[in-house]
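What follows is the residue order along each chain.
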Amino acid sequence: MATRIDGTALAAKVKQTVRAEAEALARRPGLAVILVGDDPASRVYVTSKRRDCEECGFYSEEYALPEETTQGELLALVRELNGREDIDGILVQLPLPWGLDEKEVLLAIDPAKDVDCFHPFNVGKLTIGEPVFQPCTPGGVMEMLRKYGIDPAGKRCVVLGRSNIVGKPMAMLLLHADGTVVMCHSKTPDLKELAASADILVSAVGKTGLVTADMVKEGAVVIDVAMNRNDAGKLCGDVCFEEASEKASYITPVPGGVGPMTRAMLMKNTLTAAKLHQDVN
Ligand code: GUN
């Protein structure tokens with residue numbers, strides 16, 4: 001029976017450390033969160049980010065812009081925040097409403113304030129092994145592995161999903177930790193067999209019930225990044241948790257696994273940005 005990885009407890013510890021470090025700075029870290037439109041899920045995320053900032057003693061600003069916001073208005077706000085001394089991190093909640101150019105917006109964020117690690121400059125730095133910021137979700141997963149004494153070195157790591165937000169940076173972090181990484185996606189013909197060969201299996205697809213027990217090797221570490229709603233409207237991941245727990249050595253639940261760690265890593269990145277801006281190492 002697998003050990004359940006407690007993301008909530010771990011995230012609380014990370015935030016505690018972040019708060020202590022933030023208190024030692026001359027100026028408290030500041031985070032600006034921009035939300036365009038009224039997607040209910042995004043609203044929930046934004047509210048919890050504000051709460052995280054309070055917990056860490058950060059200054060935070062929230063911009064809830066209407067659906068009709070133009071590209072020009074959004075870019076103008078990002079540029080204004082780029083120039084603000086009290087704002088260390090800028091997060092534009094994705095996805096943006098139809099008609100707005102996500103790539104152009106992410107490119108407009110000052111890389112030194114890009115706490116999501118989505119700017120091509122930071123993606124490049126990550127790829128060459130010199131990250132300024134840890135991408136939040138994959139960074140949170142690595143922190144979980146570290147805290148539970150799971151070393152990817154020499155292990156076969158299989159990542160399901162190839163998104164820019166999770167799959168690709170996850171593969172990169174596991175590779176930098178000396179894992180042998182296999183990336184699977186919607187066009188992978190033998191996904192089940194590859195998943196079943198993993199010592200560390202990370203699922204970031206967004207498909208309820210995707211990972212069944214036959215896709216989990218005996219003793220594997222199973223990390224579920226997805227946040228889906230099942231037919232009953234209940235929050236769940238990609239992994240069939242009960243049956244996978246029978247075979248895995250460690251497993252993350254949904255909720256209470258990767259999600260809280262993602263948010264904690266955002267706070268850690270905002271602290272990193274504040275140190276960068278205040279020239280503290
Ligand atoms: N939407 C879903 N996840 C994320 C995230 O990590 N950052 C941003 N900005 N938007 C998201």
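In the block above lies the structure referred to throughout.
Residues numbered from 1 in each chain as written. Predicted model: local features only at pLDDT ≥ 70, side-chain atom pairs only at ≥ 80, totals over all residues. Heavy atoms only, no water.

## What about the nonpolar core?
Line of reasoning, step 1. One finds Phe-58, Leu-145, Leu-174, Ile-223, Val-225 and Met-267 to be the most contacted residues of the largest nonpolar core, which totals 46 residues.
Line of reasoning, step 2. Ignoring any residue separated from it by four or fewer positions in sequence, one finds Leu-174 in contact with Met-142, Leu-145, Pro-152, Cys-157, Val-159, Gly-179, Val-181 and Val-202. (Core = buried A, V, L, I, M, F, W, Y, C linked by side-chain atoms within 4.5 Å. Buried < 20%, exposed > 50% of the residue type's maximum accessible area, 1.4 Å probe, protein only. Contact = heavy atoms within 4.5 Å.)

## Some remarks on the sheet that holds strand E3 (residues 59-65)
Line of reasoning, step 1. Here we have 3 strands laid out as an open sheet, ordered E3-E2-E4, and parallel in their pairing. Either end of the sheet is taken by a strand with one partner, and the two such strands are E3 and strand E4 (89-92). Adjacent strand axes in the sheet meet at a mean angle of 15° when their direction is disregarded.
Line of reasoning, step 2. Against the sheet, helix H2 (residues 40-56) contacts strand E2 (30-36), E3 and E4, and its axis sits at roughly 165° relative to E3.
Line of reasoning, step 3. Contacting E2, E3 and E4, helix H3 (residues 71-82) crosses the sheet at an angle of about 180° to E2. (Pairing = 2+ DSSP bridges. Helix = DSSP H or I, 4+ residues; strand = E, 2+ residues; numbered from the N terminus. Axes fitted to C-alpha atoms, helices over the stretch in contact; angles between N-to-C directions.)

## Here we look at the environment of Leu-94
Line of reasoning, step 1. Tracing the backbone shows Leu-94 in the loop between E4 and helix H4 (102-108).
Line of reasoning, step 2. In the structure, Leu-94 is positioned 175 residues away from Asn-269 in sequence and 18 Å away in space, judged by C-alpha atoms.
Line of reasoning, step 3. In contact with Leu-94, not counting residues within four places along its chain, are Ser-42, Glu-102, Leu-106, Phe-118 and Ile-165.

## With respect to the site of the ligand
Line of reasoning, step 1. For the ligand, the full set of nearby residues is Leu-91, Val-92, Gln-93, Leu-94, Asp-116 and Phe-118.
Line of reasoning, step 2. A distance of 2.9 Å is found between a nitrogen atom of the ligand and a backbone nitrogen or oxygen belonging to Leu-94.
Line of reasoning, step 3. In the environment of the ligand, a nitrogen atom lies 2.6 Å from a nitrogen or oxygen atom belonging to the side chain of Asp-116.
Line of reasoning, step 4. Protein coverage of the free-state accessible area of the ligand, which is 280 Å², stands at 78%.
Line of reasoning, step 5. Tallied by class, residues from the shell around the ligand come to 4 nonpolar, 1 polar and 1 charged. (Near = heavy atom within 4 Å. Polar contact = N/O pair within 3.5 Å; in protein donor to acceptor, adjacent residues only side chain to side chain. Areas by Shrake-Rupley, 256 points an atom, 1.4 Å probe, with all protein chains shown as cover. Nonpolar A, V, L, I, M, F, W, Y, C, P; charged D, E, K, R; others polar.)

## A word on the pairing of E4
Line of reasoning, step 1. Burial along E4 is two-sided: Gly-89 and Leu-91 and Ile-90 and Val-92, pointing in opposite directions, are all buried.
Line of reasoning, step 2. Alignment of E2 against E4, held across 4 bridges, turns out to be parallel. By the bridge assignment for E4, Val-33 is matched with Leu-91.

## Topic: H3
Line of reasoning, step 1. The terminal C-alpha atoms of H3, which comprises 12 residues, lie 16 Å apart, in line with the 16 Å expected from a rise of 1.5 Å per residue.
Line of reasoning, step 2. Looking only at H3, the buried set comprises Gln-71, Leu-74, Leu-75, Leu-77, Val-78, Leu-81 and Asn-82. Down the axis of H3, the buried set is contained in an arc of 160°. They therefore lie on one face. (Expected span 1.5 Å × (residues − 1). Arc of directions from axis to C-beta.)

## Description of the sheet that holds strand E11 (residues 250-251)
Line of reasoning, step 1. The 6 strands are arranged E1-E11-E8-E7-E5-E6 in an open sheet whose pairing can be described as parallel. With one partner strand each, in any of the chains shown, strand E1 (3-4) and strand E6 (180-184) form the two edges of the open sheet.
Line of reasoning, step 2. Sheet topology places strand E8 (residues 221-224) next to E11; 2 bridges connect them, and they run parallel. When the bridges of E11 are listed, Val-222 appears paired with Ile-251.
Line of reasoning, step 3. Lying over the sheet, helix H7 (residues 167-176) contacts strand E5 (156-160), E6 and strand E7 (200-203), oriented at roughly 170° with respect to E6.

## Considering the pattern of salt bridges
Side-chain pairs of opposite charge can arise whenever the charged atoms involved come near each other.
Line of reasoning, step 1. Under the definition given, this model contains 17 salt bridges.
Line of reasoning, step 2. For the salt bridge of Glu-130 with Lys-125, the shortest nitrogen-to-oxygen distance reads 3.2 Å.
Line of reasoning, step 3. On the basis of relative accessibility, which here comes to 44%, the residue Glu-130 falls in the partly exposed class.
Line of reasoning, step 4. Its salt-bridge partner being Lys-147, residue Glu-143 comes within 3.1 Å of it at the nearest N-O pair. (Salt bridge = Lys/Arg side-chain N within 4 Å of Asp/Glu carboxyl O.)

## Let's talk about the side chain of Lys-49
Line of reasoning, step 1. Structurally, the position occupied by Lys-49 is in helix H2.
Line of reasoning, step 2. Here Lys-49 sits buried without a salt bridge, and the closest side chain of opposite charge, Asp-116, lies 6.1 Å off (N-O distance).
Line of reasoning, step 3. Each residue touching Lys-49, except ones within four places of it in the same chain, is listed here: Leu-91, Gln-93, Leu-266 and Met-267. (Lys, Arg positive; Asp, Glu negative; His and termini not counted.)

## Comments concerning the state of the cysteines
Line of reasoning, step 1. Summed over all chains, the structure comprises 0 disulfides.
Line of reasoning, step 2. With no disulfide of its own, Cys-53 lies closest to Cys-56 among cysteine sulfurs, the gap being 7.2 Å.
Line of reasoning, step 3. Unpaired in terms of disulfides, Cys-184 finds its nearest cysteine sulfur in Cys-157, a separation of 12 Å. (Disulfide = S-S within 2.5 Å.)

## Some words on H2
Line of reasoning, step 1. Its 17 residues place the ends of H2 25 Å apart at the C-alpha level, agreeing with the 24 Å of an ideal helix rising 1.5 Å per residue.
Line of reasoning, step 2. Restricting attention to buried positions, one finds in H2 the residues Ser-42, Val-46, Ser-48, Lys-49, Asp-52, Cys-53 and Cys-56. Angular distribution of buried residues about the axis of H2 spans 165°; they occupy a single face of the element. Residues of H2 that are exposed and point more than 90 degrees away from the buried face comprise Pro-40, Val-44 and Glu-54.
Line of reasoning, step 3. Check the buried side of H2 and you find it contacts helix H1 (7-23), E2, E3, E4 and helix H10 (258-277).

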